[in-house]
Amino acid sequence: IDTLRDDAPTPRERAIALHFAAEALAANSRSNEAIAAFEAAERAWTALHERERALAAHLGRIEALRSTDAYQAVLDLTPDPASLHGAQTYFSARMENPRCLSLQSLGRLDEAAACFDWLLKKYEALGESADYIVAAQNYAGVQRDRGDLQAAEDIGSRSLAMARGP
């Protein structure tokens, strides 16, 4: 991947190689290196005016930060969805998941619950069933942590039914 990056004939091909390198680092649990690599990929995509790809790289960076327990950094780097201008996209919605999980990890359970509630609505609107199911399971965990076992069970049951399909 480094050779592809270094020998890339165009800025777009270099951005692709930077992004692949970041993904490879993240997949191999080299989170600290992945954080810097995703940041470089995000800069490359931004320079090319590739908004969605820049968001994907930003998401990778945030997820890598979360894997290092850098919860406050996740919160600091997660943009307000309203600031992203335009319709919600998969990456702009998915960026909320590490934020919701970080709020939970920091014990900010009411905020985490509101975050997951918002996220589930966005996933539903986008038709993202698999991500909805994962987020719902996480939301059930927040409700459990809040002491609302009935809400946790209801959310868990709905996501299980969705996972089973029609």
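Attention here is on the structure that accompanies the text. (Residues numbered from 1 in each chain as written. Predicted model: local features only at pLDDT ≥ 70, side-chain atom pairs only at ≥ 80, totals over all residues. Heavy atoms only, no water.)

1. Comments concerning helix α10 (residues 149-164)
Then, in step 1: For α10, which comprises 16 residues, the first-to-last C-alpha distance of 22 Å matches the rise-based estimate of 22 Å (1.5 Å per residue) to within 8%.
Then, in step 2: For α10, every residue scored as buried is listed here: A151, A152, I155, G156 and S159. The buried residues of α10 occupy an angular sector of 125° when the element is viewed end-on, so they sit on one face. More than 90 degrees from the buried face of α10, the exposed residues found are L149, E153, R158 and R164.
Then, in step 3: Close packing links the buried residues of α10 with α9 (129-146). (Helix = DSSP H or I, 4+ residues; strand = E, 2+ residues; numbered from the N terminus. Expected span 1.5 Å × (residues − 1). Buried < 20%, exposed > 50% of the residue type's maximum accessible area, 1.4 Å probe, protein only. Arc of directions from axis to C-beta. Contact = heavy atoms within 4.5 Å.)

2. Description of the nonpolar core
Then, in step 1: Within the largest apolar cluster, 20 residues are counted, with the highest numbers of intra-cluster contacts made by F116, L119, L120, Y123, A135 and Y139.
Then, in step 2: The set of elements that each furnish at least two residues to this core consists of α7 (96-105), α8 (109-126), α9 and α10.
Then, in step 3: With sequence-adjacent residues up to four places away left out, L120 is seen in contact with Y132, A135, A136 and Y139.
Then, in step 4: Within the second largest apolar cluster, 13 residues are counted, among which are L59, I62, A64 and L65. (Core = buried A, V, L, I, M, F, W, Y, C linked by side-chain atoms within 4.5 Å.)

3. What about unusual backbone geometry?
Then, in step 1: Located in the positive-phi region is H49, a residue other than glycine, with phi close to 60°.
Then, in step 2: Here H49 is to be found in the loop between α3 (31-47) and α4 (51-67).
Then, in step 3: Within the chain, D69 stands out as a residue other than glycine whose phi angle is a positive 65°.
Then, in step 4: Following the sequence through the fold, D69 ends up in the loop between α4 and α5 (71-77).

4. A word on the state of the cysteines
Then, in step 1: In total, this model carries 1 disulfide according to the counting rule given.
Then, in step 2: Linked covalently through their sulfurs, C100 and C115 form a disulfide whose S-S length is 2.0 Å. Here C100 and C115 share a disulfide; its torsion about the S-S bond, -80°, makes the bridge left-handed. Separated by 15 residues along the polypeptide, C100 in helix α7 and C115 in helix α8 bring together distant segments of the chain.
Then, in step 3: Residue C100 is classed as buried on the basis of its relative accessible area of 0%. (Disulfide = S-S within 2.5 Å.)

5. Considering the side chain of H58
Then, in step 1: Tracing the chain through its elements places H58 in helix α4.
Then, in step 2: For H58, the side chain forms a polar contact with the main-chain oxygen of L77, separated by 2.6 Å.
Then, in step 3: When neighbours within four sequence positions are excluded, H58 is seen to be in contact with E42, L77, P79 and M95. (Polar contact = N/O pair within 3.5 Å; in protein donor to acceptor, adjacent residues only side chain to side chain.)

6. Considering the packing of α7 against α9
Then, in step 1: Viewed as axis vectors pointing N to C, α7 and α9 meet at an angle of 20°, and their least axial separation amounts to 11 Å. Between α7 and α9, the angle falls in the class roughly parallel. Considering the relative orientation of α7 and α9, their crossing is left-handed. Residue-level contacts link N97, L101 and Q104 of α7 to A135, N138, G141, V142 and D145 of α9.
Then, in step 2: Across the contact of α7 with α9, the residue classes break down as 3 nonpolar, 4 polar and 1 charged. (Axes fitted to C-alpha atoms, helices over the stretch in contact; angles between N-to-C directions. Parallel < 35°, antiparallel > 145°, perpendicular 65-115°, else oblique. Left-handed = near helix turned anticlockwise from the far one by under 90°. Nonpolar A, V, L, I, M, F, W, Y, C, P; charged D, E, K, R; others polar.)

Geometric descriptors of this kind do not, in isolation, establish any biological role.
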